[in-house]
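Chain by chain, the residues:
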Amino acid sequence: MNKPSLRNVHYNQIINLVRDNGPISRIEISEKVKVPKPTVTRIINKLIKMNILKENGLAPSSGGRRPVLLEFNKNCYYSIGFEIGRTSMKLALTNMDGEILAFKESSYQLNDLIDDILQFAKGAVNEVIEEAKVDADLLLGMGIGLPGPVYIRDNKILKSPNFMQGKENDLPELLHQHFNFPIQFDKDSSVAALAEKWFGKGIGKSNFVYVMADEGIGCGIFLKHELYRGIHGEAGGLGHTIVDIFGKECTCGNYGCLETFVSQKIIIENVKSRLKLASTEERELFDSMDQISMSSISEAVEKGSSIAMQTLKEAGLYLGVGLSNVISYYDPEVIILGGAIGASHPILKEATSESINQRVIGTYGKQIEVTISEIKESAVLGAAALIIDDHFKIFSNSLYV
Ligand SMILES: [Zn+2]
């Protein structure tokens, strides 16, 4: 494999600068990175030779010779993202811009065997490489995202409370034995935040919080352009922050966690139980009483269902309570809301913002922008970004300029 490591800080700075600002001329690059011009020229020539940067046209004339513009070559390498979710496994091959070139999905249950995961990964990796028609030598590796927290020991043993009933297992070792490329694990909400930083609404933002509001509620925190994982990788467990000590029992054993008020399951359960007492007209706004989902709830809001509307507004209120605490801790620039709850009807986002506005004490925090993620497969793309970021050492090592 011919993928020289990029340990030189100037290389990483220049790559990131061109990624964010390209097409850009050599002269603009040397002005922005504050590195002597000959050094910039040498690095750029090397990056062009490595196929990481490429020339793309000329800048408009400003009198003299028109400078050549450079851009990041999004197809210089490829990455594989693998999401092991609570109900499905998804695997995608992406380029360096997060464009999915091939995708595989399989249903998965939490009591399935490690063997089933291995079989899927082995088959799907071969299939995506073949389907995308890319040179396997250009693969940087495979990132894996799963519900957090995720503990890895000696690169061999994995433990996660939401995976294999929380028991230790040797999935990392088995994958390393089979694949001869780098493999990394992280929790889904952290990798999804990384996907926003590389490909989404986190581009150019130094401090932001990505909230994965889905079956559970987790968040990925970016501070000073760097993903903050905490000392033990346990940061961002927003769903299990306690909002009512007298509340209902949570799956974690505590009482009144945020997830007991807002999660996909709770929203769907609330709609179902309220519909039992509702009028026929109200029930008829849902296609099927047995198949209520986040998207059917959003559709019912559009049709005028007061139950769907009330339930989403309540979920937004509680999400806003949780986020008010996050804002008080981190004072971020923006909150990016993802997952199936984030992607539901806009009234949820409005209720979340209103709840934040009512609770946060800081003047700026009150008005914080809550925006909906535009990335569809955020955990898969984030898992791919995990390997990309590890190779380029841009956000994982604070080399941002
Ligand atoms: Zn809990």
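Residues numbered from 1 in each chain as written. Predicted model: local features only at pLDDT ≥ 70, side-chain atom pairs only at ≥ 80, totals over all residues.

**Things to note about the overall build of the protein chain**
- Within the protein chain one finds 14 helices and 15 strands.
- Over its C-alpha atoms the protein chain spans a radius of gyration of 23 Å, differing by no more than 12% from the 21 Å that the globule rule assigns to 401 residues.
- With the principal axes as the frame, the protein chain shows a C-alpha extent of 75 × 50 × 40 Å.
- Looking at the 401 residues of the protein chain, the share that counts as buried comes to 42%.
- Contacts spanning at least 24 positions in sequence make up 64% of the contacts within the protein chain whose residues lie at least 6 apart. (Helix = DSSP H or I, 4+ residues; strand = E, 2+ residues; numbered from the N terminus. Rg over C-alpha atoms; globule rule 2.2 N^0.38 Å. Buried ≥ 20, exposed ≤ 12 C-beta atoms within 10 Å, placed from the backbone. Contact = placed C-beta atoms within 7 Å.)

**Focus: the sheet that holds strand β2 (residues 53-58)**
- The strand order β1-β3-β2 describes an open sheet built from three strands, whose pairing is antiparallel. Looking along the sheet, the strands with just one partner apiece sit at the ends: β1 (24-25) and β2.
- In this structure, β2 lies alongside strand β3 (residues 68-72), joined through four bridges in antiparallel fashion. The residue of β3 that forms the bridge with Lys 54 is Glu 71. (Pairing = 2+ DSSP bridges.)

**Quick notes on the sheet that holds strand β11 (residues 208-213)**
- An order of β13-β12-β11-β14-β15 is seen for the five strands of this open sheet, with the pairing classed as mixed. At either end of the open sheet lies a strand with only one pairing partner, and these are β13 (226-228) and β15 (369-372). For this sheet, the mean angle separating the axes of adjacent strands, direction not counted, is 25 degrees.
- Direction of pairing for strand β12 (residues 217-223) relative to β13: antiparallel, over a ladder of three bridges. When the bridges of β13 are listed, Leu 223 appears paired with Glu 226.
- Set on the sheet, helix α10 (residues 306-330) makes contact with β11, β12 and β14 (334-338); between it and β11 the angle comes to about 155 degrees. (Axes fitted to C-alpha atoms, helices over the stretch in contact; angles between N-to-C directions.)

**Things to note about the packing of helix α6 (residues 188-199) against helix α14 (residues 378-392)**
- Remark: α6 packs on α14, axes separated minimally by 7 Å, with the N-to-C direction vectors making an angle of 75 degrees. With respect to their mutual orientation, α6 and α14 come out roughly perpendicular. The segment α6 lies against α14, with Asp 188, Val 191, Ala 192, Leu 194, Ala 195, Trp 198 and Phe 199 engaging Ser 378, Ala 379, Leu 381, Gly 382, Ala 383, Ala 385, Leu 386, Ile 388 and Asp 389.
- In the contact of α6 with α14, the residues fall into 12 nonpolar, two polar and two charged. (Parallel < 35°, antiparallel > 145°, perpendicular 65-115°, else oblique. Nonpolar A, V, L, I, M, F, W, Y, C, P; charged D, E, K, R; others polar.)

**Let's talk about helix α7 (residues 264-276)**
- The terminal C-alpha atoms of α7 lie 19 Å apart, and with 13 residues this matches the ideal 18 Å at 1.5 Å per residue to within 8%.
- Those residues of α7 that are buried are in contact with α8 (280-283), α9 (294-302), α10 and α11 (339-342). (Expected span 1.5 Å × (residues − 1).)

**Some details on unusual backbone geometry**
- Pro 23 follows Gly 22 through a cis peptide bond whose omega is -5 degrees.
- Here Pro 23 lies in the loop between α1 (9-21) and β1.
- Put simply, Gly 148 and Pro 149 share a cis peptide bond, and its omega is -5 degrees.
- Position of Pro 149 among the secondary structure elements: in the loop between β7 (139-146) and β8 (151-153).

**Brief notes about the packing of α1 against helix α2 (residues 26-33)**
- Contact geometry for α1 and α2: axes closest at 11 Å, N-to-C directions at 120 degrees. If you check the angle between α1 and α2, you find them oblique. The crossing of α1 and α2 is right-handed. When α1 is examined against α2, the residues His 10, Gln 13, Ile 14, Leu 17 and Val 18 are found in contact with a partner set consisting of Ile 29, Lys 32 and Val 33. (Left-handed = near helix turned anticlockwise from the far one by under 90°.)

**Quick notes on the pairing of strand β6 (residues 100-107)**
- Relative to β6, strand β5 (residues 88-94) is paired through seven bridges, and the arrangement is antiparallel. Residue pairing for β6: Leu 91 is matched across the bridge by Lys 104.
- What sits between the antiparallel neighbours β5 and β6 is a turn of five residues, in which Gly 98 has the positive phi angle 75 degrees.

On their own, these measurements won't tell you what the molecule is for.
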